[in-house]
Amino acid sequence: MANLTLDGVNLCPPPFYDVNLFGDGGFTEGRICQRVSDELSCCLPCPMTQWVYPDTFNTLTDAANWVATASGICCLFLLASWACLPVEKTNRHYLSVGITIGVLLMSFGFIIPLAAQTDQCYDKITPHSMHTNPSCGASGAFLLLGGWAGVMWAFLRSLSLHLQICWQVLVGRNFMIFAQAAGWGVPALGLVLALVFSGVSFRFGETCHINHTNSMEAFWIPLLIFAGATVVITFATFGYCIKVYLSALGDSSASTEGSNLPTHSSIARSHYSPRQAYRRVSRVIGLQWRGIAIVLIIIADVIFFSIVFVFQDSNVESATGNPKTNADWNSCVAEAGGDKNKCRGDTSKAAEAWSLCLIGSKGDKDKCLSKASSLVVNQATVGAVLLLLTLNGLWVLFLLGRWSMVMGWVDLIPCIPRRRRHEFVSADARHDDKQETRAYEMLSKDTNVEITPLSPVMKSPPEPEAGRSTPDYFGTTARYHAPSHSYSSPRPPSPPRWNPNQTFATSQKAYHAPHYDDMNPLGMNRL
């Protein structure tokens, strides 16, 4: 039975469509078609993932997009903390900032399709490309740029660690300038080459990926070269660390645990004893183990994604018999004397068996999923790749984030409630209960306060009207400025109070003569 369309008669059995019924719009090279005859090619309805995977595949891609959204939020938090908080709260470094920006750009490749909710197909058999769908171009560009940036900054961080540990090179301003130029220049160049010579389109899932044409030369091979170099440098550094550790175990020299080891490159490595070298290496590893971990995670994810996507792309392309996608089809048929079966590989034969199953089941894909499994990567592997790519932001926050960042935001934002402990003391406390009662002035250690004059018992006598006078040092008002980190408050000096009942001293009544209080001390020796 043939499907009737608005433009004419569909000569292909359902669920397939005749390619002649559609124009040249969209990404025509992304059509999944099989040659039935020289004049007829039948194409699978778009999108392809709807026919080769179960219905849970869409749920899996949506979950990956939401995980990417959470990763993007984590990266934004880190970048905002590094930009707004002091360095003692964040311990920021330009290598960490570069990796975080790369992961954020990669996350945008999954966030944009989630926000746009655009259709993947230009027509019934043709997927959208970056030229026909703006969100496709944006998501694909962010994914390629983020992948390049993540790999480059991982390579630069691994190179920096290798120079410090293995060659005792102090990476400074020159390396930072080189890292900024290479960390952003190479990804920008790689993105331009990939978009110009290959392009992006909806291949599988809601995110646009690089096309098959020239993808190996323009994107995958250069990317994997830097990823492989990162792996080699990292394992070479680990090998040197193991060598230093084994040398330290066999070193019988005296320990120099308290020595200050130089780190500049002017001193040769031969000047270090094995124990000194081991302590130096362990110190660097202890400071940068988080960066090493995130480098290994990003490189592993990129390599895993590259292998899976290239394998998926090769299978899909080899399964089609369209001469537009298989340029050597006509030459193969001519060399085989017209025998087309000799030009079909195992994948093409499996695609033919799957197509016949779809025709026999009248488009019921569930009955033919077992035959489609040999054409594409299984759903579990694709889901693992997508989730690993989208989880990078969470790993970055876990390894590069610090709890002091949260406390720094609490101190920075005034609207966040916080507990404050104030200490109050009396600056005019009375020791003599018989004196007149006065109001107490409460002082806080957090403010600049004014100290009132002292109690009358400590004041100097009034000045005489004539003659020599003594300045009143205790009656003036002094200004007290509390230090910013002080936990004390000013207290007035108190006169000593002695209670004979609390000691073993003899009371005054024991040796005072009678009427001693009525005697004039100036007339004691008057004759």
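Note that the structure is a prediction, hence the values are computed from the model and not measured. Note that residues are indexed from 1 along each chain, following the sequence as it is written. This being a predicted model, a pLDDT of at least 70 is required before a residue's local features are given, and a value of 80 or more before pairs of side-chain atoms are given or counted; all residues contribute to the totals for chains, interfaces and linings. Side-chain figures throughout are based on the complete set of non-hydrogen atoms in the structure, without hydrogens or water.

Trainee: Just checking my understanding: could you explain the overall build of the protein chain for this structure?
Mentor: Scanning the protein chain from N- to C-terminus turns up 14 helices and nine strands. To sort residues, take the accessible area from a 1.4 Å probe on protein chains only and compare it with the maximum for the residue type: under 20% means buried, over 50% means exposed, and anything in between is partly exposed. Across the 527 residues of the protein chain, 42% fall into the buried class. Any pair of residues with heavy atoms lying within 4.5 Å of one another is described as a contacting pair. Put simply, 71% of the contacts in the protein chain that link residues at least 6 apart link residues at least 24 apart. When the accessible surface of the protein chain is split by element, carbon and sulfur atoms take 60% of a total near 30,000 Å². Under the DSSP-based scheme used, a helix requires at least four consecutive residues in state H or I and a strand at least two consecutive residues in state E, with every element numbered from the N terminus. All accessible-area figures derive from a Shrake-Rupley calculation using a 1.4 Å probe, and residue coverage is judged against the displayed protein chains alone.

Trainee: What exactly am I supposed to notice about the pattern of salt bridges here?
Mentor: Pairing between side chains of opposite charge can happen when the charged atoms of each approach one another. One speaks of a salt bridge when a side-chain nitrogen belonging to Lys or Arg is within 4 Å of a carboxyl oxygen belonging to Asp or Glu. Tallying each qualifying case throughout the model produces three salt bridges. Across the pair Lys89 and Asp411 runs a salt bridge, and its minimum N-O distance is 3.8 Å. Taken together, the residues Lys89 in helix H3 (residues 87-90) and Asp411 in helix H14 (residues 403-412) connect sequence positions 322 residues apart.

Trainee: Just to check I follow, could you spell out the nonpolar core for this structure?
Mentor: The nonpolar side chains of a soluble globular protein tend to be buried with one another. Core analysis: the biggest nonpolar cluster contains 82 residues, and Trp153, Phe219 and Trp354 have the highest contact counts within it. Among the elements that take part in this core, helix H5 (residues 134-166) stands out by supplying 13 residues, more than any other. Once residues lying within four places of it in the same chain are set aside, the contact partners of Trp354 are Leu44, Trp51, Val52, Cys368, Lys371, Ala372 and Leu375. The set of buried Ala, Val, Leu, Ile, Met, Phe, Trp, Tyr and Cys residues whose side-chain atoms join them within 4.5 Å is what this entry labels a nonpolar core. Ile165, Cys166, Tyr240 and Val244 belong to the second largest nonpolar core, which has ten residues in total.

Trainee: Would you take a moment to explain a nonpolar patch on the surface for this structure?
Mentor: Think of a patch as exposed residues, more than 30% relative accessible area, with no salt bridge, where like charges cluster within 9 Å and nonpolar side chains (Val, Leu, Ile, Met, Phe, Trp, Tyr) cluster within 5 Å. A contiguous nonpolar surface patch, about 470 Å² in accessible area, is contributed by Leu189, Val192, Leu193, Val196 and Phe197. By the element assignment, Phe197 lies in helix H6 (residues 173-197).

Trainee: Any chance you could explain the environment of Gly98 here in plain terms?
Mentor: Examined against the element boundaries, Gly98 turns out to sit in helix H4 (residues 94-116). C-alpha of Gly98 to C-alpha of Ala179: the two residues are 81 residues apart in sequence and 9.3 Å apart in space. Leave out the neighbours within four places in its chain, and Gly98 touches Trp153 and Trp184.

Trainee: Would you take a moment to explain the environment of Val52 for this structure?
Mentor: For Val52, the location among the structural elements is in helix H1 (residues 49-52). Along the primary structure Val52 and Ser370 are separated by 318 residues, whereas in three dimensions their C-alpha atoms are 9.1 Å apart. What Val52 contacts, discounting residues up to four positions off in sequence, is Trp354, Leu369, Ala372 and Val376.

Trainee: What should I look at first to understand the packing of aromatic side chains in this one?
Mentor: Ring pairs (aromatic) are described by centroid distance and by the angle formed between their planes. For this analysis, a ring pair means two rings from Phe, Tyr or Trp (six-membered ring only for Trp) whose centres lie within 6.5 Å, classed as stacked if their planes differ by under 30 degrees, edge-to-face if by over 60, and tilted for the remaining angles. Applying the stated criterion across every chain yields a total of 14 aromatic pairs. Look at Phe219 and Trp220: their rings are 4.8 Å apart centre to centre, the planes differ by 75 degrees, and that puts the pair in the edge-to-face class. Neither Phe219 nor Trp220 differs from the other in exposure class; each is buried. Consider the rings of Phe235 and Phe238, whose centres lie 6.4 Å apart with planes at 85 degrees: the pair is edge-to-face. Here the residue Phe235 and the residue Phe238 both occupy positions in helix H7 (residues 215-249), the gap between them amounting to three residues, near one helical turn.

Trainee: Teacher, can you tell me more about the packing of H5 against H6 here?
Mentor: Each packed pair of helices is defined by two parameters, the angle between the axes and the distance between the axes. What counts as an axis is a line fitted to C-alpha atoms, over the stretch in contact for a helix, and the angles between N-to-C directions run from 0 to 180 degrees. One can describe the packing of H5 onto H6 by two numbers: an axis separation of 9 Å at closest approach and a directional angle of 150 degrees. One way to sum up the angle between H5 and H6 is to call them roughly antiparallel. The element H5 and its partner H6 pack so that their crossing is right-handed. Roughly parallel here means an angle under 35 degrees, roughly antiparallel means over 145, roughly perpendicular means 65 to 115, and every remaining angle is called oblique. The sense of a crossing depends on the near helix, which, turned anticlockwise from the far helix by less than a right angle, makes the crossing left-handed and, turned clockwise, makes it right-handed.

Trainee: How should I be thinking about unusual backbone geometry in this particular structure?
Mentor: Where the residue is not glycine, phi is negative for most of them; where a peptide bond is considered, it is trans in most cases. Of the consecutive residues Pro14 and Pro15, the connecting peptide bond is found in the cis state with omega at 10 degrees. Relative to the helices and strands, Pro15 is located in the segment before strand E1 (17-18). Residue Cys46 is joined to Pro47 through a cis peptide bond whose omega torsion reads 0 degrees. If you check the backbone angles, Asn91 has positive phi at about 55 degrees while not being a glycine. By the secondary structure assignment, Asn91 is in the loop between H3 and H4. The backbone of Asn214 shows a phi angle near 60 degrees, a positive value even though the residue is not glycine.

Trainee: Explain the confidence of the model for the protein chain here, please?
Mentor: In low-pLDDT segments, the atomic positions of the prediction should not be examined closely. Across the protein chain, the average pLDDT comes to 77, with 67% of residues at or above 70. Segment residues 1-6 is flagged for pLDDT under 50; beyond a separation of four residues in sequence, or across chains, it makes 15 contacts in the model. A score from 0 to 100, pLDDT tells how confident the predictor is in each residue.

Trainee: Mind showing me how you'd approach the sheet that holds strand E3 (residues 41-43) here?
Mentor: Strands sit in the order E1-E3-E2 across an open sheet of three strands; the sheet is antiparallel. Among the strands making up the open sheet, the edge pair consists of E1 and strand E2 (33-35). Strands were regarded as paired on the criterion that DSSP finds at least two bridges between them. Of the pairings in the sheet, the one linking E1 to E3 comprises two bridges and is antiparallel in character. Its bridge partner lying in E3, Asp18 is registered against Cys42.

Trainee: When you look at helix H12 (residues 379-390) in this model, what are you seeing that I'm missing?
Mentor: Helical periodicity: at 3.6 residues per turn, an α-helix aligns residues three or four positions apart in one direction. Along its twelve residues, H12 runs 17 Å from first to last C-alpha, staying within 8% of the 16 Å computed at 1.5 Å per residue. Within H12, the full set of buried residues consists of Gln379, Val382, Gly383, Val385, Leu386, Leu389 and Thr390. For H12, the angular spread of buried residues about the axis comes to 160 degrees, placing them on one side. Whenever a nitrogen or oxygen atom comes within 3.5 Å of another N or O atom, the pair is scored as a polar contact, on the condition that within protein one atom can donate a hydrogen and the other can accept it, and that pairs from neighbouring residues in sequence are kept only if both atoms are in side chains. The backbone nitrogen of Ala380 lies 3.3 Å from a side-chain oxygen of the residue at the head of H12, namely Asn378. Helices are assigned an expected span. That span is 1.5 Å times one less than the residue count. The arc in question is the one spanned by the directions pointing from the helix axis to the C-beta atoms.

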